[in-house]
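Breakdown of the fold
The residues making up each chain are set out below.
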Amino acid sequence: MRVRRPHEHSRVTYVELFFDLVFVFAVTQVSHFLLGHFTPVGALQALILMSAIWWVWVYTSWITNWLDPELTRVRLMLFALMSAGLLLSTSIPRAFESRGLAFALAFVAMQVGRTAFATFTTPRCEPLRPSFVRILSWLCVSGVFWIAGGLLDGPARIALWLIALAIEYTGPVAGFYVPRLGASTTRDWSVEGGHMAERCALFIIIALGESIVVTGATFAGLEWTATAFAAFASALIGAIAMWWIYFHIGVHLGADRISHANDPGRLARLAYTYIHLPIVAGIVVTAVSDELVLAHPSGHADTKVILATIGGPLLFLIGVLLFKRAVRGHLQPSHMFGIAALLALIPVAPLIPPLVLSMATTSALLAVGYWEAVSLGAAARSPVE
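An account of the accompanying structure is given in this report. (Residues numbered from 1 in each chain as written. Predicted model: local features only at pLDDT ≥ 70, side-chain atom pairs only at ≥ 80, totals over all residues. Heavy atoms only, no water.)

Here we look at the packing of aromatic side chains
Condition: By convention, a stacked pair of Phe, Tyr or Trp rings (six-membered ring in the case of Trp) has centres within 6.5 Å and planes under 30 degrees apart, an edge-to-face pair has planes over 60 apart, and any other such pair is tilted. To qualify as a helix, a DSSP run of H or I must reach at least 4 residues; to qualify as a strand, a run of E must reach at least 2; elements of each kind are numbered from the N terminus. A 1.4 Å probe rolled over the protein chains alone gives each residue an accessible area, and that area as a share of the maximum for its type sets the label: buried under 20%, exposed over 50%, partly exposed in between.
All told, the structure shown has 30 aromatic pairs when counted by the stated rule. Here the aromatic rings of Tyr246 and Phe247 are separated by 4.8 Å at their centres, their planes lie at 70 degrees, and the arrangement is edge-to-face. Centroid distance Tyr246 to Phe323: 5.8 Å. Interplanar angle 20 degrees. Geometry classified as stacked. Remark: Phe323 occurs in helix α11 (residues 303-328) and Tyr246 occurs in helix α8 (residues 226-260); sequence separation between them is 77 residues. The residues Tyr246 and Phe323 share a single accessibility class, namely buried. Three or more aromatic residues joined by ring pairs make a cluster, and in this case those are Phe33, Phe96, Phe103, Phe107, Trp146 and Trp161.

This is the structure:
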């Protein structure tokens, strides 16, 4: 287990950063999947894939919050997870076609294997061991549905994988209740708050980095006209605005609050395990929008462009609003203004070119970041008492 020192948070280790590289590829794969399957069914499939990717990553972050990644056996466990994660990522483009079973087996191997490792390598006297047993039980049950879905096709696969996700996402809220063992409480989940906050912030960097990679790769293949440069600038500035909204104040508030919380497990479950998913999803959808706008900046925006260009920043702002509500205790007016501004664009979006719509959503994000920075200032970055 990690050695916890008072008033000092555990740093993110290099092996954890190395592990994250697999998820740079995974997020890129989800983004490309959504771009190629931008239909109601395709969006649902992309949501299933993104939810699975986030869940396997955040569960691993909980484990490395508890176990010491500097130990050789823990490092080897992470390397094994990386191998399965690469298989998981390469299965994403055909996860609802010929590679569904490969995706399911890789996912279950990561979820069950990692938790079994934690369960059977910790001493019986370790307070967290009963929680590991409970979590392992839930993941074994959900694993049955993942594998069954991988064996079937079409709507049956979607239905079974939605059931599997429902089981996995319900687990923390239910305290991973198991007959005879009962349920655990969030106070049982000793969390090093600074480490958890830093880990999740790094995943936001992964998602933003994927967005920039997609933008750069698409722009490199275009003829460099004034319109193309404007679309490129709008995409890049939008990514910078997202970074500013999350990192300028929010990440400091989250790290300070969870480090000083009376029940850090409860805050980590809400703010970092659940609420960060729409933030990441918003960045991924925005990356899809950037690619669409770069490819076709002129003419009228179609439904696909409108949904991606408005929906991405909207998801992101809703997620960040809820995150800051969890750590500050109230809703940020600047973020509510940004959400209202994005919603106000919906009626006029079909009448304007995709580039203009992209610039409008980027302007809304910039306005949110500027408003928050001016209204809260440096005082909001001070440690929470």
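A short note on the pattern of salt bridges
Note the threshold: Should a side-chain nitrogen of Lys or Arg be within 4 Å of a carboxyl oxygen of Asp or Glu, the pair is scored as a salt bridge.
As enumerated under the stated definition, the model contains five salt bridges in all. A salt bridge links Arg75 to Glu70; its shortest N-O distance comes to 2.5 Å. Given the relative accessible area of 34%, Arg75 is considered partly exposed. Note on Glu70: relative accessible area 34%, which makes it partly exposed. Here Asp153 makes a salt bridge to Arg157, at a shortest N to O gap of 3.2 Å. Taking relative accessible area as the criterion, Asp153 reaches 56% and is therefore assigned exposed. Its relative accessible area of 2% is what places Arg157 among the buried residues. A cluster of three or more residues bridged by salt bridges with shared partners is formed by Glu16, Asp20 and Arg199.

Let's talk about the nonpolar core
Basically, it comes down to this: Each nonpolar core is a collection of buried residues, namely Ala, Val, Leu, Ile, Met, Phe, Trp, Tyr and Cys, held together in the definition by side-chain atoms within 4.5 Å. We call two residues in contact when some of their heavy atoms are within 4.5 Å.
Grouped together as the largest cluster of nonpolar side chains are 118 residues, with contacts concentrated most on Phe23, Trp54, Phe103, Trp146, Tyr246 and Phe316. Ignoring sequence-local partners within four residues, the contact set of Tyr246 consists of Cys200, Ala201, Ile204, Val251, His276, Ile279, Phe316 and Phe323.

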